[in-house]
Amino acid sequence: MLDDARRKFVLPYLQRYPEGQHVPQMRQWLDEIDVGQLLLQAERRLRGNRDGRNAVETAGLAALRAERQDGVNPLEVLEQYQVVLELTEAAGGQSGDAEAEQRRLWRLQAERRQAELRVQLLQREDLGVVVSERFAAAEKLRQAGSEAAVRLIYRRFAVMFSAESRLEALRDCARERAEGRVAELPPF
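Owing to the predicted nature of the structure, the values given are computational and were not obtained by experimental measurement. (Residues numbered from 1 in each chain as written. Predicted model: local features only at pLDDT ≥ 70, side-chain atom pairs only at ≥ 80, totals over all residues. Heavy atoms only, no water.)

## A word on the pattern of salt bridges
Turning to step 1, where the next piece is worked out: Throughout the structure, instances matching the rule amount to 19 salt bridges.
Turning to step 2, where the next piece is worked out: Salt-bridge contacts for Arg-104 lead to Asp-31; the nearest nitrogen and oxygen are separated by 2.8 Å. Of this pair, Arg-104 sits in helix 5 (residues 97-123) while Asp-31 sits in helix 2 (residues 23-47), and the two are 73 residues apart along the sequence.
Turning to step 3, where the next piece is worked out: Judged by its relative accessible area of 34%, Arg-104 is partly exposed.
Turning to step 4, where the next piece is worked out: Judged by its relative accessible area of 17%, Asp-31 is buried.
Turning to step 5, where the next piece is worked out: For Asp-126, the salt bridge identified is with Arg-124, shortest N-O distance 2.8 Å.
Turning to step 6, where the next piece is worked out: Classification of Asp-126 as partly exposed rests on a relative accessible area of 32%.
Turning to step 7, where the next piece is worked out: Each of the salt bridges in this network shares a partner with another, and the network as a whole consists of Glu-139, Arg-142, Glu-147, Arg-151 and Arg-177. (Salt bridge = Lys/Arg side-chain N within 4 Å of Asp/Glu carboxyl O. Helix = DSSP H or I, 4+ residues; strand = E, 2+ residues; numbered from the N terminus. Buried < 20%, exposed > 50% of the residue type's maximum accessible area, 1.4 Å probe, protein only.)

## Thoughts on the environment of Asn-73
Turning to step 1, where the next piece is worked out: Topologically, Asn-73 is positioned in the loop between helix 3 (55-68) and helix 4 (74-91).
Turning to step 2, where the next piece is worked out: Along the primary structure Asn-73 and Gly-20 are separated by 53 residues, whereas in three dimensions their C-alpha atoms are 45 Å apart.
Turning to step 3, where the next piece is worked out: Non-local contacts of Asn-73, meaning those with residues more than four positions away in its chain, are made with Val-130, Glu-133 and Arg-134. (Contact = heavy atoms within 4.5 Å.)

## Concerning the layout of surface pockets
Turning to step 1, where the next piece is worked out: Considered as a void within the structure, the largest pocket measures approximately 160 Å³ in volume.
Turning to step 2, where the next piece is worked out: If you go around the largest pocket, the residues you meet are Ala-66, Glu-67, Gln-69, Gly-71, Val-72, Pro-74, Val-77, Leu-78, Leu-117, Gln-120, Leu-121 and Arg-124.
Turning to step 3, where the next piece is worked out: Breaking the lining of the largest pocket down by element, the ones donating at least two residues are helix 3, helix 4 and helix 5.
Turning to step 4, where the next piece is worked out: Along the lines of polarity and charge, the residues of the lining of the largest pocket split into seven nonpolar, three polar and two charged. (1 Å grid on protein atoms, 1.4 Å probe; cavity = no way out; pocket = protein on both sides within 12 Å on 5 of 7 lines; lining within 4 Å. Points joined across faces, edges and corners; volume = space filled by probe spheres on them. Nonpolar A, V, L, I, M, F, W, Y, C, P; charged D, E, K, R; others polar.)

## What about unusual backbone geometry?
Turning to step 1, where the next piece is worked out: At Asn-49, a residue that is not glycine, the phi angle is positive and equals roughly 55°.
Turning to step 2, where the next piece is worked out: Relative to the helices and strands, Asn-49 is located in the loop between helix 2 and helix 3.

Here is the structure:
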């Protein structure tokens, strides 16, 4: 059904009217259809308990798994989508067209889900508890000697919430801790 809409309506319009007034909407629909197809393929890989075919797909599948897993701190799910964004940015225009398009679609999915999940998280009454638990988990990793993992957690927090003025004190704390400095967790 998605493929029919893509093949019968969206692509013919874009080919026939490349400068048409509805091109932006058609491109948006095309992206939605293509991301939907990507997620259907991801679903099959998840059901088959298969790994991704490349690093970006593997990270995307990990994010989908984390999102479905009970008891996972919502910040961990956001971090998983951040990994997808980091990998797609690092890959840039490398490799073939099909692989570049797959990366672009995973990036769209990660951006959309991360934005949706961030809004949900910011509306939670227990946001302070969620952040405190994630920061405490990071400090346990530090005690276990996993300094690189600790810095990534804090750095990703600072990046994911860079535009949130209400989390400024937490973001500053995360930045300090990402640099290996001691910073008290501010009251929330």
